[in-house]
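Understanding the architecture of this molecule
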Amino acid sequence: MPEARECADCLRDPPAFDDVTAAFDYRFPVDRLVRRFKFSADLAVGAYLGTALARAVDALPRPDLVLASPASAARIRERGFNPALVLARHAARRLGLRIDARALAKVRHTPPQAGLGREDRQQNLAGAFALSRTVAGLQGAVVDDVMTTGATLNALASLLREAGAKRVSGWVAARTPEPPAED
């Protein structure tokens with residue numbers, strides 16, 4: 001959020017994550033770049049977005065561990081890669097941080113989140129993720145391509161918190177902006 005504010009939904013129902021930093025707003029032309037990266041496997045665009053993400057978080061406190069939002073095996077077969085992992089690798093490398101590409105897994109294939117409302121997104125992700133490493137006392141940064149409602153990040157942060165993570169940050173290439181306030 002601009003000026004480090006919290007959205008109204010987060011004030012009403014605080015998320016499991018501590019903060020989120022986005023390199024860009026998800027609007028033209030970034031929306032087209034993200035879609036090109038995710039759906040046309042344009043890894044050069046992925047490298048650009050990962051580098052921009054590293055710049056966006058560069059001045060923040062360093063996490064102990066960088067994690068990528070996991071994709072199901074079916075989604076990886078469909079796309080040929082996990083976009084969040086590509087971004088996480090680029091950002092971690094630029095920042096000199098450790099990444100664990102296997103700590104988080106998507107153990108249940110879910111329909112795409114696009115087009116679902118906040119509650120449906122949360123229900124769609126229930127029980128979809130697993131953790132395979134100890135994170136007790138650690139500070140983690142979970143990387144994803146786009147944050148819309150925060151349901152994916154919240155589900156992953158909840159899992160990490162339950163396992164004892166001290167702090168969970170979200171690092172996203174783009175954040176869907178809040179709709180303008182109605183008069």
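Description of the structure in this document. (Residues numbered from 1 in each chain as written. Predicted model: local features only at pLDDT ≥ 70, side-chain atom pairs only at ≥ 80, totals over all residues. Heavy atoms only, no water.)

Remarks on the pairing of strand E6 (residues 167-175)
Here is the rule we go by: Burial here depends on accessible area, computed with a 1.4 Å probe over protein chains only, as a share of the maximum for the residue type. Under 20% is buried, over 50% is exposed, and the range in between is partly exposed. We count a stretch as a helix when DSSP gives it H or I for four or more residues in a row; a strand needs E for two or more, and each element gets its number in order from the N terminus. At least two bridges found by DSSP between two strands are what make those strands a pair. Whether a crossover is right-handed comes down to one check: with the strands pointing away from the viewer, does the path from the first strand over the helix to the second run clockwise; if it does, it is right-handed.
Among the nine residues of E6, eight are classified as buried, and the element is accordingly described as predominantly covered. Summarising the sheet, strand E1 (residues 19-25) and E6 pair through six bridges and their orientation is parallel. When the bridges of E6 are listed, Ala22 appears paired with Val172. Summarising the sheet, strand E5 (residues 139-147) and E6 pair through eight bridges and their orientation is parallel. Across the sheet, residue Val143 finds its bridge partner in E6, namely Trp171. The parallel pair E5 and E6 is bridged by helix H7 (residues 151-162), and the resulting crossover is right-handed.

Observations regarding the nonpolar core
Here is the rule: Side-chain atoms within 4.5 Å are what join buried Ala, Val, Leu, Ile, Met, Phe, Trp, Tyr and Cys residues into a set we call a nonpolar core. By definition, residues are in contact when any of their heavy atoms lie within 4.5 Å.
Of all hydrophobic cores here, the largest spans 26 residues; its most connected members are Phe37, Leu49, Val66, Val143 and Trp171. Where this core is concerned, the elements lending two or more residues are helix H2 (30-40), helix H3 (43-57), strand E2 (65-68), helix H5 (83-95), E5 and E6. Sequence-distant contacts of Trp171, that is, excluding residues within four places in its chain, are made with Thr21, Leu53, Val57, Pro63, Val66, Leu95, Leu97, Ala141, Val142, Val143 and Asp144. The next biggest cluster of nonpolar side chains, apart from the first, holds 21 residues, and it includes Leu104, Ala128, Val142 and Leu160.

Here we look at the packing of aromatic side chains
Worth spelling out the cut-off: Geometry of aromatic contacts follows a simple scheme: Phe, Tyr and Trp rings, the Trp one being its six-membered ring, pair when their centres are within 6.5 Å, and the pair is stacked under 30 degrees between planes, edge-to-face over 60, tilted otherwise.
The tally for this structure, following the rule as stated, stands at two aromatic pairs. Plain terms: the ring middles of Phe24 and Tyr48 are 6.1 Å apart, the flat faces sit at 25° to each other, and that makes the pair stacked. Of this pair, Phe24 sits in strand E1 while Tyr48 sits in helix H3; the two residues are 24 residues apart in sequence, bridging distant segments of the chain. With a relative accessible area of 22%, Phe24 lands in the partly exposed category. On the basis of relative accessible area, Tyr48 is assigned to the partly exposed category, the value being 41%. Judged by centre distance (5.5 Å) and plane angle (50°), the rings of Phe37 and Phe81 are tilted.

Digging into the packing of H3 against H5
For the record, the criterion: To obtain each axis, a line is fitted to C-alpha atoms, and for helices this fit is confined to the stretch in contact; angles are then taken between N-to-C directions over 0 to 180 degrees. The cut-offs work like this: below 35 degrees is roughly parallel, past 145 is roughly antiparallel, 65 to 115 is roughly perpendicular, and the gaps in between are oblique. Crossing chirality is assigned from the near helix's rotation relative to the far helix, an anticlockwise turn below a right angle marking it left-handed and a clockwise turn marking it right-handed. Throughout, the ten residues Ala, Val, Leu, Ile, Met, Phe, Trp, Tyr, Cys and Pro are labelled nonpolar, Asp, Glu, Lys and Arg are labelled charged, and all others, Gly among them, are labelled polar.
One can describe the packing of H3 onto H5 by two numbers: an axis separation of 8 Å at closest approach and a directional angle of 50°. Between H3 and H5, the angle is such that the two are oblique. H3 and H5 meet at a crossing whose hand is right-handed. Along its contact with H3, which presents Leu43, Gly46, Ala47, Leu49, Gly50, Thr51, Leu53, Ala54 and Val57, the element H5 presents Val86, Leu87, His90, Ala91, Arg94 and Leu95. Classifying every residue of the contact of H3 with H5 by side-chain character gives 10 nonpolar, four polar and one charged.

A look at H2
Rule in force here: Arc definition: directions from the helix axis to the C-beta atoms.
When H2 is considered as a whole, its buried residues turn out to be Val30, Asp31, Val34, Phe37 and Lys38. Down the axis of H2, the buried set is contained in an arc of 130°. They therefore lie on one face. Exposed residues lying more than 90 degrees from the buried face of H2 are Phe39 and Ser40. Against the buried residues of H2 lie E1, H3, helix H4 (73-79), H5, E5 and E6. Looking one or two residues past H2, Ala41 carries a phi angle of roughly 55°, positive in sign.

Concerning the sheet that holds E6
Taken together, the four strands give an open sheet; going across it, the order is E1-E6-E5-E2, and neighbouring strands pair in parallel fashion. Strand pairing shows two members of the sheet lacking a second neighbour, E1 and E2, which therefore form its edges. Each adjacent strand pair in this sheet contributes to an overall mean axis angle of 20°, direction not counted. Contacts between H3 and the sheet are confined to E1, E5 and E6, with E1 contributing the most and set at about 130° to the helix. Its contacts with the sheet place H7 against E1, E2, E5 and E6, and it is angled at close to 160° to E6.

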